[in-house]
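# Structural overview
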Amino acid sequence: MDLQGLKLAIVGATGAVGQETLRLIEARYPKHTNLKLLASKRSAGRKMEVNGKTFTVGETTDDSFDDADLVFISARTEDSRRFGPVAAAAGAMVIDDSSAFRMDPAVPLVVPEVNGSDLEWHNGIVSIPNCSTTPLVMAVHPLREASPIRRIVADTYQSVSGAGGAAMNELREQTRTIMHGGPAEPDAQPQQIAFNVIPQIDSFNESGYTREEQKMIDESRKILHEPDMAVSATCVRVPVLVSHCVAAHLEFAEPVSVGEARELLSQMAGVTIQDDPTTLSYPMPVDAAGCDDVFIGRIRKDASHPNGLAMWIVTDNLVKGAALNALQIAEEATARNAVHGKTR
Ligand code: A2P
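Rules of the game
- Residues numbered from 1 in each chain as written.
- Predicted model: local features only at pLDDT ≥ 70, side-chain atom pairs only at ≥ 80, totals over all residues.
- Heavy atoms only, no water.
- Helix = DSSP H or I, 4+ residues; strand = E, 2+ residues; numbered from the N terminus.
- Expected span 1.5 Å × (residues − 1).
- Buried < 20%, exposed > 50% of the residue type's maximum accessible area, 1.4 Å probe, protein only.
- Arc of directions from axis to C-beta.
- Domains from an automatic or database assignment.
- Contact = heavy atoms within 4.5 Å.
- Buried area = accessible area lost by both parts, 1.4 Å probe.
- Salt bridge = Lys/Arg side-chain N within 4 Å of Asp/Glu carboxyl O.
- Polar contact = N/O pair within 3.5 Å; in protein donor to acceptor, adjacent residues only side chain to side chain.
- Nonpolar A, V, L, I, M, F, W, Y, C, P; charged D, E, K, R; others polar.
- Pairing = 2+ DSSP bridges.
- Axes fitted to C-alpha atoms, helices over the stretch in contact; angles between N-to-C directions.
- Disulfide = S-S within 2.5 Å.
- 1 Å grid on protein atoms, 1.4 Å probe; cavity = no way out; pocket = protein on both sides within 12 Å on 5 of 7 lines; lining within 4 Å.
- Points joined across faces, edges and corners; volume = space filled by probe spheres on them.
- Right-handed = clockwise from strand over helix to strand, strands pointing away.

## As for helix α5 (residues 165-179)
The end-to-end C-alpha distance of α5, which contains 15 residues, comes to 21 Å, matching closely the 21 Å that a straight helix rising 1.5 Å per residue would cover. Of all the residues in α5, the buried ones are Ala167, Met168, Glu170, Leu171 and Gln174. Taken end-on, α5 shows its buried residues confined to a sector of 160°, consistent with a single buried face. Following α5 by one or two positions, Gly181 has its phi on the positive side, about 85°.

Shown next, in the form of structure tokens:
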């Protein structure tokens, strides 16, 4: 079965991730026009062009999925909760970008390069991880070949596009307003984001961690099949439009050299090492934006632990952090004959 022959429905087609999904479909499947673009009632009737064909965006309803083989959902979490099970019951394979089902034991949480085999046991819904978890596990997974990992400390620098198109507009407009002496009026973000950093993404748990931080902890363990792995995270929103960064500190059971880590990371599909301090070469959001890969640099021995390595990981949160990972799941499921959808 080929992805080319399947009917794809995209819920949230007008959003930041949805538009990236359409761009990737154009890049990877330039002849694919068997698409259904869905969003909220607000966008119903809007025209969007994909692969040279004009589509009319439809309102997402319970009847939207009867003719779909694969349904990509990137809308609000409540939309995933409502429409994910409906689409799966209609016979489609759902690839969901929200946190709604990620920790459900019956739902695989997949980064194909890391745990693609988990697609074998899905029941109609597959989740993609949070956009900072994906680059972290892409870096961690190959290094486990050198030595088991005892502990991960991951601190993120996350762009506003992780909070959607409205947050991107807010950063642009707030920057202009403040430059002209006006007041910051936070709306899409909990605090002023222009000329600031916010140590809060999502709401707080009783533990003092935010839900975003807890997602990184729980999701990393699930994807890596390491339920007891020690993981801590601090997630920070920065005034960057696209791409998330992670400063990761990994503690191994045995010492791992920088050379060995480089070698293993260089063999990992979807990872590009960009690490040459002599030429000031290291990953940055502006360079990673629009690219498929996870970029890793600043690889060094952790000065605080003999078995530790530190590194800097950057990826486009809308691409590998969301739309590309979802599309790769569809491709992997197709290759494994694990879509279980209705081919028409
Ligand atoms: P719409 O543009 O009609 O509001 P972003 O992450 O950039 O904020 O985008 C969110 C996406 O989720 C948009 O495509 C948005 O559509 C979509 N969305 C919001 N509410 C719903 C809903 N009730 N049903 C389906 N899609 C929705």
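## Some words on the domain arrangement of the chain
Segmenting the chain into domains produces domain 1 (3-129 + 322-335) and domain 2 (133-159 + 197-317). Of the residues lining the interface, 19 residues belong to domain 1; the matching set on domain 2 comes to 18 residues. For the domain 1 and domain 2 pair, buried surface summed over both sides reaches about 1400 Å², with 61% attributable to carbon and sulfur atoms. Counting the surface domain 1 buries against domain 2, the share from its top three residues, Met103, Glu113 and Val114, is 35%. On the surface where domain 1 and domain 2 come into contact, there are 2 salt bridges. Put simply, Arg28 and Asp292 hold a salt bridge, and the shortest N to O gap is 3.9 Å. Here domain 1 and domain 2 share 6 residue pairs in polar contact (both at pLDDT 80 or more) between them. For the side of domain 1 that touches domain 2, the elements supplying multiple residues, two or more each, are α1 (16-28), α3 (112-115) and α9 (319-335). By residue class, the composition of the side of domain 1 that touches domain 2 is 10 nonpolar, 3 polar and 6 charged.

## A closer look at the pattern of salt bridges
Evaluated as defined, the whole model comprises 16 salt bridges. Measuring nitrogen to oxygen at the nearest pair gives 3.0 Å for the salt bridge that ties Arg262 to Asp275. Here Arg262 is found in helix α7 (residues 258-266), whereas its partner Asp275 is found in the loop between β12 (271-273) and α8 (285-288), with 13 residues between them in sequence.

## Brief notes about the pairing of strand β14 (residues 308-315)
Judged by how many residues are buried, β14 sits mostly within the fold: 8 of 8 residues are covered. Of the two faces of β14, the one carrying Gly308, Ala310, Trp312 and Val314 and the one carrying Leu309, Met311, Ile313 and Thr315 are both buried. Examined bridge by bridge, strand β11 (residues 244-252) and β14 share 8 bridges and lie antiparallel to one another. Within the sheet, the bridge partner assigned to Glu251 lies in β14 and is Gly308. Bridge count between strand β13 (residues 294-301) and β14: 6 bridges; the pairing is antiparallel. Residue Lys301 lies in a different strand from β14, and its bridge partner there is Leu309. Here β13 folds back onto β14, and the loop between the two strands holds 6 residues.

## A few points about the sheet that holds β13
Pairing is mixed in the open sheet, where 6 strands are placed in the order β10-β9-β11-β14-β13-β12. Across the chains shown, the open sheet's two edge strands, defined by having one partner strand only, are β10 (230-237) and β12. Pairs of neighbouring strands in the sheet enclose a mean axial angle of 20°, with direction left out of account. In the packing of α7 onto the sheet, the strands contacted are β12, β13 and β14, and the crossing angle to β13 comes to about 170°.

## Description of the state of the cysteines
In total, this model carries 0 disulfides according to the counting rule given. No disulfide involves Cys235; its sulfur sits 9.2 Å from that of Cys131, the nearest cysteine. Judged by relative accessible area, which is 0%, Cys235 ranks as buried. Of all cysteine sulfurs in the structure, the one in Cys245 sits closest to Cys291, which takes part in no disulfide; the separation is 13 Å. Looking at Cys291, the relative accessible area reads 25%, which means it is partly exposed.

## Description of the layout of surface pockets
Put simply, the second largest pocket is a space of about 190 Å³. In terms of lining, the second largest pocket is formed by Arg81, Ser99, Arg102, Met103, Asn205, Arg211, Gln214, Lys215, Asp218 and Glu219. Top contributing element to the lining of the second largest pocket by residue count: helix α6 (residues 211-224), with 5 residues. Of the residues assigned to the lining of the second largest pocket, the class counts are 1 nonpolar, 3 polar and 6 charged. The two domains that each donate at least three residues to the lining of the second largest pocket are domain 1 (3-129 + 322-335) and domain 2 (133-159 + 197-317).

## Focus: the pairing of strand β7 (residues 93-96)
Neither face of β7 is exposed, since Met93 and Ile95 on one face and Val94 and Asp96 on the opposite face are all buried. Note that strand β6 (residues 70-73) and β7 share 4 bridges and pair parallel. Looking at the pairing, Leu70 lines up with Met93 of β7. One crossover worth recording links β6 to the parallel β7 by way of helix α2 (residues 77-89), and it is right-handed. Pairing of β7 with strand β8 (residues 125-127), which is carried by 3 bridges, proceeds in the parallel orientation. Looking at the pairing, Ile95 lines up with Val126 of β8.

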